[in-house]
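Given next are the chains, with one letter for each unit.
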Amino acid sequence: MNSFAHVVMLLIVIAYTGAAQAVDLVDEQNLKTYNVFASSPIYVTPSGTFIRYKEQTVFVQGVHLPHQVVSTLLQAGAEAILPKLMHHFMVFGMARAEGYISEYSYQKLKRWFREGTLLKPLDFWYWLNSLRRAVTLGLATYGEARSRYLNIKMGDHLGHIPFYMGNRLEQSVFIDVFFAESTNTSLSDTDVSRIEVTPLAAPVDFQCKSSWEMALAYLVHTLLKHGVKQLQILERAEGELFLRWFQEREGRGEERGEERGEGKGEWIKHFFRKAYSVTGELRRERNLLSALSPENLYCVAEIVAGKACNCAVDEALTITGEKTLHLAPLHALVGTGYLRFSGSQSWSPGLPGQLSLVNSIYEPEVSGLSHQFRLPYWAALWAEELFHQLAVTVVRQSVDAGEALLNQWLHHSHSYTVTKVLKTEANLAGEKKPTVELVQDRSGKSWVRKSAPWKPICSTNQYCFLHLAEEAHILSHLNHKNIVKYHDSWLERSGSDQTRLLMIEEYGGAVTRENPPKNLREFKTMMTDALKAVEAAENAGVAHFDISDANLVKDESDVVRLIDFGVARHLDKSGHAYPQRGTDTYLDPNRYSWKKTSHKTDIWALGTVGLNWIRNFKIKGADIAGRALMVANRNREPFDLGNYLDTDSELFNFLNSMLSQDMDRRPTARDLLKHKFLQERTSPRSR
């Protein structure tokens, strides 16, 4: 992962340096040694990006690399961060939504959460992005394949054709020729046939051997002097030629480059000359390439320099052989040359053929000696897609690592050591995974750590992610000595299928199911603590809905505390809420109707706990009553405590009031704390 991160950091530096680079107007003194790669190996032009490595120059067609790197990294960052933000919203937003929206809306929102509907907009965004990239790749690949087919089978020249001007100028200028299939007048300047000239460095120690090389060197000198990043000769309707050059200046005009990530400058357009009147074989090539004659190159340079120049139609380019164009010499200059199409194949992948300047039609191929290489648009798009996937992986790993470090710093997630697994759940693969663990921090203090996986989002046999989020929110707002205290919560590996929500709460001791009261005096003390916990929850507007002897614990000081608020709910203004599933043997009979119920449901459950606690006491009928109540709850049958206990005892009155079938007749926790049974002193014989 570190090597990936280094690659990304390098690309960011390249993006910064490339984006900051600008060609300033160069004075005559500095022009002699000027090179666009002097400050950075990356040079961005309107038609693509140039990369210099030693003497090699690579042109990445149609890609503004710094802008593309930044854009790709931002997209990768969005793909890595958005799912994390969505998961955090669901954890902390869903748990709090109940207090701000109606019960119906909240239940609907929870159903969408359980079904995964809330994540569908994010999935749709991913799908739309992937479709857009796939369509772009497909169209570009199809266009290149079609051009290659026509070039090979039909003998046409379509698409980008590499131009090699000889080794004396290859470090100073880069030239590409593009032949469009159509001459439609509605085509934009980026879709018509054109010649692209990109100056790279001032020609130094250069001895011209032909008039054409002298004219091209003069053009490069002029373009660099006037801060021109790229010059294009465009063939518009009826074969008329136009000049267009991208000049560095305070952006003005209708086509500003900074809006497209091309740098600070503007396109300047100028009429060049009328078309050739001749027709026939190579008419299109002859018309466009004639602009490369020495006379026309000098004329172009004069126009860029702001001088008047009339570029007349001439016969500078003539056909001398099969697909070989003869470049006539300029009047007083010595030398001649040939622009030759080197077949339908090219040493640059995907480019249809090659143009080269040779002194004789019998001269061998020189492309193998060239230090200029081209990456065509379709290949650049595939490279961009590979970089996008790599960036997503790298950024996601980096963000995950950052999240882990943040959890360690904010939540001390690495400081807890598991001492005992208290509860496990089976995942979809059937593997047992711990969901409740007893842990110790570095000071030796014990805590309970709960965890819930993101997937499955909610199922009948697994602790629900949403339940734990709601529990953390509710428990964080309850502060009472008879309720375990919330300590912390956080997400691990958020934004992925391996996301887990973890919560740390106070360790309250052993459950009362394993450590029940031993006599009536201890029973009263433990019941008093339990009722105080229920009263505190009621005062906070919360119903527990899952009270059982497994959710009441007793610490070393014999203080009873209420735990596990996983199915607890906030009560509405009327003191009611829709209950969630609890422990069957402790369920209030009214819960089976799935209607709104109140906090008095907890009173029934606590009465069931109390009846279980006295089963081992030497009280007539207590053991049978406890078993009968369990069976009645499980079978959803009515239960009458008077059939088992002495109806004249205060214990009967206390428990019977809690187990009333009529919820409205049940006392509140505050009323029960004042009950005569808990207030009277217990005789020594009952201890």
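Residues take numbers from 1 onward in each chain, read along the sequence in its written order. Local features are withheld for residues below a pLDDT of 70 in this predicted model, meaning they are given only at 70 or higher, and side-chain atom pairs are given and counted only at 80 or more; totals for whole chains, interfaces and linings count all residues. Computation of side-chain values covers all heavy atoms of the structure but excludes hydrogens and water.

> Help me out: how do you make sense of the overall build of the chain in this one?
Strands here are runs of E lasting at least two residues and helices are runs of H or I lasting at least four, both read from the DSSP assignment and numbered beginning at the N terminus. Secondary structure summary: the chain contains 16 helices and 26 strands in total. Using a 1.4 Å probe on the protein chains alone, a residue whose accessible area is under 20% of its type maximum counts as buried, one over 50% counts as exposed, and one in between counts as partly exposed. Going through the 687 residues of the chain one by one, you find that 51% of them count as buried. Of the roughly 32800 Å² that the chain leaves accessible, carbon and sulfur atoms contribute 54%. For the accessible areas, the method is Shrake-Rupley and the probe is 1.4 Å, while residue cover comes only from the protein chains on display.

> Teacher, can you tell me more about the packing of helix α3 (residues 65-97) against helix α10 (residues 465-475) here?
When two helices pack together, their arrangement is captured by the angle between the axes and the distance separating the axes. At their nearest, the axes of α3 and α10 sit 8 Å apart, and the two run at 70 degrees to each other. By the angle class used here, α3 and α10 are roughly perpendicular. Both α3 and α10 take part in a crossing whose hand is right-handed. Within the contact between the two elements, α3 uses Val 91, Met 94, Ala 95 and Arg 96 and α10 uses Phe 465, Leu 466, Ala 469, Glu 470 and His 473. Looking at side-chain class alone, the contact of α3 with α10 contains 6 nonpolar, 1 polar and 2 charged residues. Orientation is described by lines fitted to C-alpha atoms, with helices fitted over the stretch in contact, and by angles between N-to-C directions that extend from 0 to 180 degrees. Just so you know how the angles are binned, under 35 degrees is roughly parallel, over 145 roughly antiparallel, 65 to 115 roughly perpendicular, and the rest oblique. A clockwise turn of the near helix away from the far one marks a right-handed crossing, whereas an anticlockwise turn of less than a right angle marks a left-handed crossing. Residue contacts are counted whenever heavy atoms from the two residues lie within 4.5 Å of one another. Classes in brief: Ala, Val, Leu, Ile, Met, Phe, Trp, Tyr, Cys and Pro nonpolar; Asp, Glu, Lys and Arg charged; the others, Gly included, polar.

> Could you clarify how one ought to interpret helix α13 (residues 622-635) in this entry?
Residues that lie three or four places apart on an α-helix share one face, since the helix turns once every 3.6 residues. In this scheme, a helix's expected span is set at 1.5 Å multiplied by one less than its residue total. Taking 1.5 Å per residue as the helical rise, α13 with its 14 residues ought to reach 20 Å, and the 20 Å between its terminal C-alpha atoms agrees with that figure. Among all positions in α13, only Ala 622, Ala 625, Gly 626, Ala 628, Leu 629, Met 630, Ala 632 and Asn 633 are buried. Buried positions along α13 lie against α12 (600-613). Once α13 ends, the next one or two residues include Arg 636, with phi positive near 55 degrees.

> Help me understand unusual backbone geometry in this model?
Across residues other than glycine, the phi torsion is negative in most instances, and most of the peptide bonds are trans. At Lys 54, a residue that is not glycine, the phi angle is positive and equals roughly 55 degrees. Locating Lys 54 in the fold gives a position in the loop between β2 (48-53) and β3 (56-61). Even without glycine at this site, Arg 493 takes up a positive phi of about 55 degrees.

> Could you clarify how one ought to interpret the pairing of strand β5 (residues 173-179) in this entry?
Residues in a regular strand point their side chains to alternate faces of the sheet. Counting buried positions over the 7 residues of β5 gives 7, a clear majority of the element. Burial along β5 is two-sided: the face carrying Val 173, Ile 175, Val 177 and Phe 179 and the face carrying Phe 174, Asp 176 and Phe 178 are both buried. Strands were regarded as paired on the criterion that DSSP finds at least two bridges between them. Alignment of β5 against strand β6 (residues 194-199), held across 6 bridges, turns out to be antiparallel. Bridging from a neighbouring strand, Ile 175 pairs with Val 197 of β6.

> Looking at this structure, I do not really get the environment of Phe 59. What am I missing?
Along the chain, Phe 59 turns up in strand β3. Expressed as a C-alpha distance, the spacing of Phe 59 and Phe 174, which sit 115 residues apart in the sequence, is 8.8 Å. Excluding anything up to four places from it in sequence, Phe 59 contacts Ser 47, Gly 48, Thr 49, Phe 50, Phe 174, Asp 176, Phe 373, Arg 374 and Leu 375.

> Any chance you could explain the nonpolar core here in plain terms?
One recurring pattern in soluble globular proteins: nonpolar side chains tend to sit buried together. Nonpolar core, defined: a set of buried Ala, Val, Leu, Ile, Met, Phe, Trp, Tyr and Cys residues in which side-chain atoms within 4.5 Å join the residues together. Ranked by size, the top nonpolar core spans 75 residues in total, and within it Phe 523, Leu 606, Leu 611 and Leu 655 carry the most contacts. It is helix α11 (residues 520-539) that provides the largest number of residues to this core, a total of 10 residues. Beyond its immediate chain neighbours, meaning those up to four positions away, Leu 606 contacts Met 527, Ala 530, Leu 531, Val 534, Ile 547, Leu 552 and Met 658.

> What exactly am I supposed to notice about the side chain of Ser 193 here?
Mapped onto the secondary structure, Ser 193 falls in the loop between β5 and β6. For the purposes of these results, a polar contact is taken to be a pair of N or O atoms within 3.5 Å, where, inside protein, one atom must be able to donate a hydrogen and its partner to accept one; residues adjacent in sequence count only when each atom of the pair is a side-chain atom. Looking at Ser 193, its side chain comes within polar contact range of the main-chain nitrogen of Ala 180, at 2.8 Å.

> Please explain the packing of aromatic side chains as it appears in this structure.
Ring pairs (aromatic) are described by centroid distance and by the angle formed between their planes. Stacked, edge-to-face and tilted are the three classes for Phe, Tyr and Trp ring pairs, Trp counted by its six-membered ring, which pair at centre distances within 6.5 Å; planes under 30 degrees apart are stacked, over 60 edge-to-face, the rest tilted. Under the criterion given, the structure shown has 14 aromatic pairs. Plain terms: the ring middles of Phe 523 and Phe 677 are 6.0 Å apart, the flat faces sit at 65 degrees to each other, and that makes the pair edge-to-face. Within this pair, whereas Phe 523 is found in helix α11, its partner Phe 677 is found in helix α16 (residues 676-679), the two being separated by 154 residues in sequence. Like Phe 677, Phe 523 is buried. Through pairs of rings, three or more aromatic residues link up here, namely Phe 523, Trp 613, Phe 617, Phe 654 and Phe 677. Working rule: Lys NZ or Arg CZ, within 6 Å of ring centre, within 35 degrees of ring normal, means a charge sits over the ring. Between Arg 244 and the ring centre of Trp 267, over which it is positioned, the NZ or CZ distance is 3.7 Å. In this arrangement the basic side chain of Lys 524 is found over the ring face of Phe 677, its NZ or CZ atom lying 4.7 Å from the centre.

> For this particular structure, what's the right way to read a nonpolar patch on the surface?
Patch membership requires more than 30% relative accessible area and the absence of a salt bridge. Residues of like charge join within 9 Å; the nonpolar side chains Val, Leu, Ile, Met, Phe, Trp and Tyr join within 5 Å. In what follows, salt bridge is the name for a side-chain nitrogen of Lys or Arg lying within 4 Å of a carboxyl oxygen of Asp or Glu. A cluster of nonpolar side chains, Phe 124, Trp 127, Leu 128, Leu 131, Val 135 and Leu 139, forms an exposed patch at the surface whose accessible area comes to about 610 Å². Counting through the fold element by element, Trp 127 comes out in helix α5 (residues 120-154).

> Can you help me understand the packing of α11 against helix α14 (residues 650-658) in this one?
Two numbers describe how α11 lies on α14: the axes approach to 14 Å, and their chain directions differ by 25 degrees. Our classification of the angle between α11 and α14 gives roughly parallel. Note that α11 runs across α14; the crossing there is left-handed. Residue-level inspection shows Phe 523, Met 527 and Leu 531 of α11 in contact with α14, the latter providing Leu 651, Phe 654, Leu 655 and Met 658. Its residues placed into classes, the contact of α11 with α14 shows 7 nonpolar, no polar and no charged.

These figures capture arrangement, not role.
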